[in-house]
Amino acid sequence: MKLLMTETSPYARKCRVLIREQGLTERIEEVHAMPLDDPEELLDCNPLGKVPALIRADGTPLFDSPLICEYIDSLDDDRWIPKSGTARWRVLRFQALADGMLDLTVGRRVELTRPKEKQFDLWVQRQENGIRRSLDLLEAESDKFAGAFDLGAMSIAVALGYLDFRYPESQWREGRPVLAGFYEKWASRPSFESTQPPADA
Ligand SMILES: N[C@@H](CCC(=O)N[C@@H](CS)C(=O)NCC(=O)O)C(=O)O
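Residues numbered from 1 in each chain as written. Predicted model: local features only at pLDDT ≥ 70, side-chain atom pairs only at ≥ 80, totals over all residues. Heavy atoms only, no water.

A. The site of the ligand, seen in detail. For the ligand, the full set of nearby residues is Ser9, Pro10, Tyr11, Pro35, Lys50, Val51, Pro52, Asp64, Ser65 and Pro66. At 3.4 Å, a side-chain N or O of Lys50 approaches an oxygen atom of the ligand. Here a nitrogen atom of the ligand sits 2.7 Å away from a polar atom, N or O, in the side chain of Asp64. When the ligand is considered free in solution it has 520 Å² of accessible area, and contact with the protein chains removes 73% of it. Mapped by element, the contributors of at least two residues to the shell around the ligand are α1 (10–21) and α3 (65–74). Among the residues making up the shell around the ligand, the classes are represented as six nonpolar, two polar and two charged. (Near = heavy atom within 4 Å. Polar contact = N/O pair within 3.5 Å; in protein donor to acceptor, adjacent residues only side chain to side chain. Areas by Shrake-Rupley, 256 points an atom, 1.4 Å probe, with all protein chains shown as cover. Helix = DSSP H or I, 4+ residues; strand = E, 2+ residues; numbered from the N terminus. Nonpolar A, V, L, I, M, F, W, Y, C, P; charged D, E, K, R; others polar.)

B. Up close: the sheet that holds strand β2 (residues 29–32). An order of β2-β1-β3-β4 is seen for the four strands of this open sheet, with the pairing classed as mixed. Among the strands making up the open sheet, the edge pair consists of β2 and β4 (61–63). The mean inter-strand angle of the sheet, taken between neighbouring strand axes irrespective of direction, is 25°. This element, α1, spans β1 (2–5) and β2 of the sheet and lies at about 145° to β1. Contacting β1, β3 (53–55) and β4, α3 runs over the sheet at an angle of about 125° to β4. (Pairing = 2+ DSSP bridges. Axes fitted to C-alpha atoms, helices over the stretch in contact; angles between N-to-C directions. Contact = heavy atoms within 4.5 Å.)

C. Summary view of the domain arrangement of the chain. As assigned here, the chain comprises domain 1 (2–74) and domain 2 (85–189). Between domain 1 and domain 2, the C-alpha centre-to-centre distance is 21 Å. Counting residues at the interface gives 12 residues for domain 1 and 14 residues for domain 2. Taken together, both faces of the contact between domain 1 and domain 2 bury some 1100 Å²; the carbon and sulfur share is 62%. Summed over the three residues of domain 1 that lose the most area to domain 2, namely Pro10, Tyr11 and Lys14, the buried surface amounts to 46% of that side. Where domain 1 packs against domain 2, one counts three salt bridges. (Domains from an automatic or database assignment. Buried area = accessible area lost by both parts, 1.4 Å probe. Salt bridge = Lys/Arg side-chain N within 4 Å of Asp/Glu carboxyl O.)

Okay, structure coming up:
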């Protein structure tokens, strides 16, 4: 199988961390595909033109990181997504919140890379407000995920790492000691260390 990805994509990082945690690196090859170059292999399997995309052994593609993670999780006994019940909705809710934070952080960065006169300050403000509110919710609800090793907790750790990478001015650790400690625990795992985005990207 092939995972089409970039080393800077936090959505791809979720899949890459899960592949490592599940011991599936031999079965899933990581292939660079820069979305902005519109590579044929990516467009052939994902009309949305986004990474990550997974090409399965039979050639069938999957895209969108939650779906790819669900598939990766089904390949191994070590389940990072509970199959049913309250635990499943807890994990998927935290993944949805973390993915939403990624959307806001990516959107903010895109807005700020436009020429100053074309930037929409109100939009940037809304994105920053959404990120701040989400961080506050995570600090308040940290008892529901901080001790877990599942897709929800991992997605939150990926989103916090992405804030360090693309929005360090957020100073997200300030006043959020539990979240800061939670992130340190994840950041030292080999799956995280080996998927750290390049510092100069
Ligand atoms: N919801 C998607 C988001 C994927 C996404 O937005 N990927 C970005 C890279 S970080 C991308 O490929 N952007 C290229 C584009 O939007 O054209 C997921 O979870 O996989």
